[in-house]
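# Breakdown of the fold
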Amino acid sequence: MSISLGGVCEPGTTRVNKTGGWRTFRPVFDYDKCIKCKLCELLCPDMAVFPRDDGFFEFDYDYCKGCGICANECPTEAIDMVLEEK
Amino acid sequence: MTVIRTLDKDKMSVAEGSYAVAHAVKICRPNVISAYPITPQTHIVEDLSQFMADGEISNCEYITVESEFSALSALVGSAAAGARCYSATTSQGLELMHEVLFNMSGMRLPVVMTIANRAVSAPINIWNDHQDSISQRDTGWIQMYAEDLQESSDMTAQAYKVAEDKDVMMPAMTCMDGFILSHVYEPLVLLEQDLVDEYLPPYEPEYTLDPKNPLTFGAFADPTAYTEFRYLQQQAMDNALPKIEEAANEFYEIFGRYYGGLIDEYETEDADIILMAMGSLVGTIRDVVDKLRAKGIKVGLLKVRTFRPFPAEAIRNAIKGARVVVALDKNISLGLNEGALFTETKASLYNTKIDVPIVGRMIGHGGRDIPVKTIEDIVEEAKGIISSGINTESKYADLKEDLL
Ligand code: SF4
Ligand code: SF4
């Protein structure tokens, strides 16, 4: 691959930029506490929180950078930040 | 070849420097002009907005914005959409653009912008020196400095020619001294549409923003590729060196006017003392050279027309035979106590076999007048350097000790 003039490329390149590799802490849901308020989905700066058919959410760990915003904002403390293991 | 003006008297008019530049921009057929007025650049964009209001520029959008940051940002988008773009700014306005200057060059968008050079704050000062553009020398913009009004106007077309060259594709600043050139009236030839059309083909971008064929400009580059982007930008700057010469020669063929390409030499061939400078100061030195040559003093002038890319080789060749070189700078690198032209010329001699004494003299900051007498004193001092060596490597030549 060579660099195009000015680095112009097809859209959607962030898909191959798996920013999840930068993570130190990973968020984990406790579905017993979740009230499906969607705040975590709305506030994730990396769009790494996805809705499921049952109304709960899931993380896309390929792109979650572990910033902890979702855990901080969750009104029921349904998200734990857990240290990543090697 | 030295400065050549074959000015057709029938075509000549008297115009203000800003008007001449605005007219040149119009004749270059821009598609988007975006600007925020700031002294002493204001007249350029005022004239352009008047042309727009009078319907004299077709196929063009004029965007009035709330700051210089927005002015250049709007042009990043416009240039990416394939438009030939123009802006003008100065001083604090240029410094406010700093971040966008990098984006523009990194995205390889060949925008042309006139800088009506002015000192920077604090203290507030609206008069001319070169601190504003010199402070932006590492942003990846081509930088050229004009000696007079005719050159300021003609440089606009030349800048588009170089910037839009497929081997270059870098934005360009054409620098004219604020007030000294921007607000002065001189007899000149305003650029003619038919000749510019022959000289400057329409801009054909490699890529364009188009909803039907979406593309990403200025995307993320992690450490595996960022270095290569910088490398390619430097390569484009290297390519610009011969292209600037070509653009000047081709301009001469069509318009009959030549100002030098990267540099211009005046009476340097047998000169013991060579003074080097950029911008309108060159004109003053030209007169001093004439005056002193008449008295038998072997002094010459090296006009540095292109500062980025830095024409190290051309400068080395021009000064290698001198017995002393004085670089005159209207800027200072604080903490180094040197002007940029001096530092870079001195650096370009290191690791070569050329051993010519060179000193830097800073002069004319904040619009302080540079009378002929000051230049003559500098030459007098240079004579002393030939006989007894360098005393002070770099200093202000026109410091008022009584104010300190
Ligand atoms: S930790 Fe940050 S990046 Fe990851 S899901 Fe939560 S908000 Fe998004
Ligand atoms: S913010 Fe907390 S409670 Fe709301 S949907 Fe997300 S995990 Fe559930």
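Residues numbered from 1 in each chain as written. Chains lettered and ligands numbered in written order. Predicted model: local features only at pLDDT ≥ 70, side-chain atom pairs only at ≥ 80, totals over all residues. Heavy atoms only, no water.

Under an unreviewed UniProt entry, chain B has the name Pyruvate synthase subunit PorA and belongs to Methanohalophilus halophilus. As stated in UniProt under Catalytic activity (unreviewed entry), the record for chain B gives "2 oxidized [2Fe-2S]-[ferredoxin] + pyruvate + CoA = 2 reduced [2Fe-2S]-[ferredoxin] + acetyl-CoA + CO2 + H(+)". The record in UniProt for chain B states the following under Subunit (unreviewed entry): "Heterotetramer of one alpha, one beta, one delta and one gamma chain." (UniProt positions renumbered as here; feature names shortened; annotations may be inferred.)

An unreviewed UniProt entry lists chain A under the name Pyruvate synthase subunit PorD, from Methanohalophilus halophilus. The record in UniProt for chain A states the following under Cofactor (unreviewed entry): "[4Fe-4S] cluster". Quoted verbatim from the Subunit (unreviewed entry) field of UniProt, the annotation for chain A is "Heterotetramer of one alpha, one beta, one delta and one gamma chain."

## Regarding the domain arrangement of chain B
All names here are of chain B. The domains assigned to chain B are domain 1 (4–258) and domain 2 (263–403). Here domain 1 meets domain 2 over a buried area of about 2,200 Å², counting both sides, of which 50% is carbon and sulfur. Note that E147 is salt-bridged to R286, the shortest N-O span being 2.8 Å. Linking domain 1 with domain 2 are 18 residue pairs in polar contact (both at pLDDT 80 or more). Every element with two or more residues in the side of domain 1 that touches domain 2 is listed here: helix 6 (131–134), strand 7 (142–145), helix 7 (149–163) and helix 9 (226–255). With five residues, the top contributor of residues to the side of domain 1 that touches domain 2 is helix 9. (Domains from an automatic or database assignment. Buried area = accessible area lost by both parts, 1.4 Å probe. Salt bridge = Lys/Arg side-chain N within 4 Å of Asp/Glu carboxyl O. Polar contact = N/O pair within 3.5 Å; in protein donor to acceptor, adjacent residues only side chain to side chain. Helix = DSSP H or I, 4+ residues; strand = E, 2+ residues; numbered from the N terminus.)

## Points about the interface of chain B and chain A
The parts lose accessible area when they come together, and the size of an interface is often stated as this lost area. Listed by partner, the interface residues are 18 residues for chain B and 13 residues for chain A. On the chain B side of the interface with chain A, the three residues burying the most area are Y207(B), T216(B) and F220(B), jointly 37% of the side's total. Summed over the shared surface of chain B and chain A, the number is zero salt bridges. Summed over the shared surface of chain B and chain A, the result is one residue pair in polar contact (both at pLDDT 80 or more). No other element matches helix 9 of chain B, which puts three residues into the side of chain B that touches chain A. Residues belonging to the side of chain B that touches chain A are distributed by class as follows: eleven nonpolar, three polar and four charged. (Contact = heavy atoms within 4.5 Å. Nonpolar A, V, L, I, M, F, W, Y, C, P; charged D, E, K, R; others polar.)

## Considering the packing of aromatic side chains
Scanning all chains against the criterion turns up eleven aromatic pairs over all chains. The interplanar angle of 45° and the centroid separation of 5.8 Å between the aromatic rings of F59(A) and Y61(A) together place this pair among those described as tilted. We classify Y61(A) as partly exposed; its relative accessible area is 27%. Here F251(B) and F255(B) contribute two aromatic rings whose centre-to-centre distance is 4.0 Å and whose plane-to-plane angle is 15°, an arrangement assigned as stacked. (Phe/Tyr/Trp six-rings, centres within 6.5 Å; stacked < 30°, edge-to-face > 60°. Buried < 20%, exposed > 50% of the residue type's maximum accessible area, 1.4 Å probe, protein only.)

## Observations regarding the site of ligand 2
With respect to spatial proximity, 13 residues lie near ligand 2, and among them C34(A), C37(A), K38(A), C40(A) and C74(A) are the closest. Here the shell around ligand 2 is composed, by residue class, of ten nonpolar, one polar and two charged. (Near = heavy atom within 4 Å.)

## Considering helix 9 of chain B
Along an α-helix, a turn takes 3.6 residues, which lines up residues three or four apart on a common side. Residues and elements named next belong to chain B. Taking 1.5 Å per residue, 30 residues should reach 44 Å; helix 9 reaches 42 Å between its end C-alpha atoms and fits that length. Maximum bend of helix 9: about 30°, positioned at L241, with proline P242 one to four residues after it. Taken as a whole, helix 9 has its buried residues at Q233, A236, M237, A240, K243, I244, A247, A248, F251 and F255. Against helix 5 (98–106), strand 7, helix 7, helix 8 (193–199), strand 10 (257–258) and strand 14 (306–308) lie the buried residues of helix 9. In the segment just after helix 9, G256 is the residue with positive phi, at about 75°. (Expected span 1.5 Å × (residues − 1). Bend = angle between axes of the 7 residues up to and from the residue.)

## Overview of the environment of E313(B)
When you line up the elements, E313(B) lands in helix 11 (residues 312–319). Separated by 36 residues in the primary sequence, E313(B) and L349(B) have C-alpha atoms spaced 9.3 Å apart.

## Points about the sheet that holds strand 14 of chain B
All names here are of chain B. If you walk across this open sheet you meet the seven strands as 4-3-5-6-8-7-14, and the pairing is mixed. Edge positions in the open sheet fall to strand 4 (61–64) and strand 14, since each of these has one partner strand only. Taking each pair of neighbouring strands and ignoring which way they run, the sheet shows an average axis angle of 20°. Across six bridges, the pairing between strand 6 (residues 112–117) and strand 8 (residues 172–177) is parallel. Bridge pairing in strand 8 links A116 to M176. (Pairing = 2+ DSSP bridges. Axes fitted to C-alpha atoms, helices over the stretch in contact; angles between N-to-C directions.)

## Focus on the confidence of the model for chain B
On average, chain B scores 96 in pLDDT, and the residues at 70 or more come to 99%. Confidence estimates for the predicted assembly give a pTM of 0.92 and an ipTM of 0.80. (pLDDT = per-residue confidence, 0-100.)

## Quick look at the nonpolar core
All names here are of chain B. Grouped together as the largest cluster of nonpolar side chains are 101 residues, with contacts concentrated most on L48, L72, Y86, I142 and L302. Summarising the domain contributions, this core has at least three residues from each of domain 1 (4–258) and domain 2 (263–403). Other than its neighbours up to four places away in sequence, L72 contacts M97, V100, L101, M104, M113 and W141. (Core = buried A, V, L, I, M, F, W, Y, C linked by side-chain atoms within 4.5 Å.)

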